[in-house]
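The lines below spell out each chain.
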Amino acid sequence: MTKEFAQLGLRPELVQSVSDLGYINPTPIQTKVIPLMLDGNDVVGQAQTGTGKTAAFVLPILQNMERDHRGVQVLVLAPTRELAVQVAQAAHKYGSCLNVRVLAVYGGQSYSSQISRLKQGVDIVVGTPGRLLDLMKGGELDLSGVSTLVLDEADEMLSMGFIKDIEEI
């Protein structure tokens, strides 16, 4: 188990998860962001691709989630289905020790399977703005219990014209 991640204030289970995935030392963005988010601060982070931004926001989110809460606690907006799937997979891997339920929602995937998973209970929803709005408008996605919102690649979402969708969500 790597003590470098432990020194950031992460729970031993999460430190073990990242260690099991082969992470040894936190990256600069992780070193800066994780302690701030663990303290409940709002954070804007910017770093190059491949520097561990997803772990930088997912790990403290996993630690700060309420264990006995029912319903969606975390909403991550992503500009593309590929990024939504990537973030959801990462959250699932990092949170496997905590039995976190993660769902990626995006266009081009069956509504019925996404709705079925939502009805079974989900802790974290990662999705594209259009599909999130569709599920919200259909009454299938209840965001009233969300305590954490992440705009992943916010600059990209804005350049793609998602500002109105983001504001509505």
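Residues numbered from 1 in each chain as written. Predicted model: local features only at pLDDT ≥ 70, side-chain atom pairs only at ≥ 80, totals over all residues. Heavy atoms only, no water.

Student: I'm lost on the environment of lysine 93 in this one. Help?
Tutor: Within the secondary structure, lysine 93 sits in helix α5 (residues 81-94). Distance in space between the C-alpha atoms of lysine 93 and valine 33 is 19 Å, their sequence separation being 60 residues. What lysine 93 contacts, discounting residues up to four positions off in sequence, is Ser17 and Leu21. (Helix = DSSP H or I, 4+ residues; strand = E, 2+ residues; numbered from the N terminus. Contact = heavy atoms within 4.5 Å.)

Student: Even after reading the chapter, I still don't get the sheet that holds strand β1 (residues 74-77), so can you show me in this structure?
Tutor: What holds strands together in a sheet is hydrogen bonding between their backbones, with the strands either parallel or antiparallel. Ordered in space as β2-β3-β1-β4, the four strands form an open sheet in which the pairing is parallel. Looking at which strands have only one partner, the edges of the open sheet turn out to be β2 (102-105) and β4 (148-151). Direction aside, the axes of adjacent strands within the sheet are offset by 15 degrees on average. Of the strand pairs in this sheet, β1 and strand β3 (residues 124-127) are connected by four bridges, and their pairing is parallel. (Pairing = 2+ DSSP bridges. Axes fitted to C-alpha atoms, helices over the stretch in contact; angles between N-to-C directions.)

Student: What am I meant to see in the nonpolar core here?
Tutor: One broad rule of soluble globular proteins: the nonpolar side chains tend to lie buried together. Ranked by internal contacts, the top residues of the largest apolar core, which has 37 residues, are Leu10, Phe57, Leu59, Leu62, Tyr94, Ile124 and Val126. Formed by 16 residues, the second largest nonpolar core is a distinct cluster that contains Val72, Leu77, Val122 and Leu135. (Core = buried A, V, L, I, M, F, W, Y, C linked by side-chain atoms within 4.5 Å. Buried < 20%, exposed > 50% of the residue type's maximum accessible area, 1.4 Å probe, protein only.)

Student: Would you explain the pattern of salt bridges in this entry?
Tutor: Side chains bearing opposite charge may pair, as long as their charged atoms lie close to each other. Across all of its chains, the model carries three salt bridges by this definition. In this structure, lysine 137 and glutamate 168 form a salt bridge, with 3.7 Å as the shortest nitrogen-oxygen distance. One end of the pair, lysine 137, is in helix α7 (residues 129-137); the other, glutamate 168, is in helix α9 (residues 163-168), and 31 residues separate them in sequence. (Salt bridge = Lys/Arg side-chain N within 4 Å of Asp/Glu carboxyl O.)

Student: Sorry if this is basic, but what is going on with the packing of aromatic side chains here?
Tutor: Note on aromatic pairs: each is described by the distance of the centres and the angle between the planes. Applying the stated rule across the entire model yields one aromatic pair. For the pair tyrosine 23 and tyrosine 94, a centre-to-centre distance of 6.2 Å together with 55 degrees between the ring planes defines the contact as tilted. Remark: tyrosine 94 occurs in helix α5 and tyrosine 23 occurs in the loop between α2 (12-20) and α3 (28-38); sequence separation between them is 71 residues. Relative accessible area serves as the criterion here: at 33%, tyrosine 23 is assigned to the partly exposed category. Take tyrosine 94: its relative accessible area is 5%, and that puts it in the buried class. Over the ring of tyrosine 111 we find arginine 131; its NZ or CZ atom is 3.7 Å from the centre of that ring. (Phe/Tyr/Trp six-rings, centres within 6.5 Å; stacked < 30°, edge-to-face > 60°. Lys NZ or Arg CZ within 6 Å of the ring centre and 35° of its normal.)

Student: Is there a simple way to explain the pairing of β2 in this structure?
Tutor: In summary, the side chains of a regular strand alternate between the two faces of the sheet. Of the two faces of β2, the one lined by Val102 and Ala104 and the one lined by Leu103 and Val105 are each fully buried. With four bridges connecting them, β2 and β3 associate as parallel partners. In the sheet register, valine 102 faces β3, and the bridge partner there is isoleucine 124. For the handedness criterion, the β-α-β arrangement of β2, helix α6 (residues 111-120) and β3 is classed as right-handed. (Right-handed = clockwise from strand over helix to strand, strands pointing away.)

Student: So what exactly am I meant to see when it comes to α6 here?
Tutor: Those residues of α6 not exposed but buried are Gln114, Ile115 and Leu118. Buried residues in α6, looked at end-on, bunch into an arc of 100 degrees, giving them a common side. Along α6, exposed side chains directed more than 90 degrees from the buried face belong to Ser112, Lys119 and Gln120. Next to the buried residues of α6 lie β2, β3 and α7. Glycine 121 lies just past α6 and shows a positive phi near 110 degrees. (Arc of directions from axis to C-beta.)

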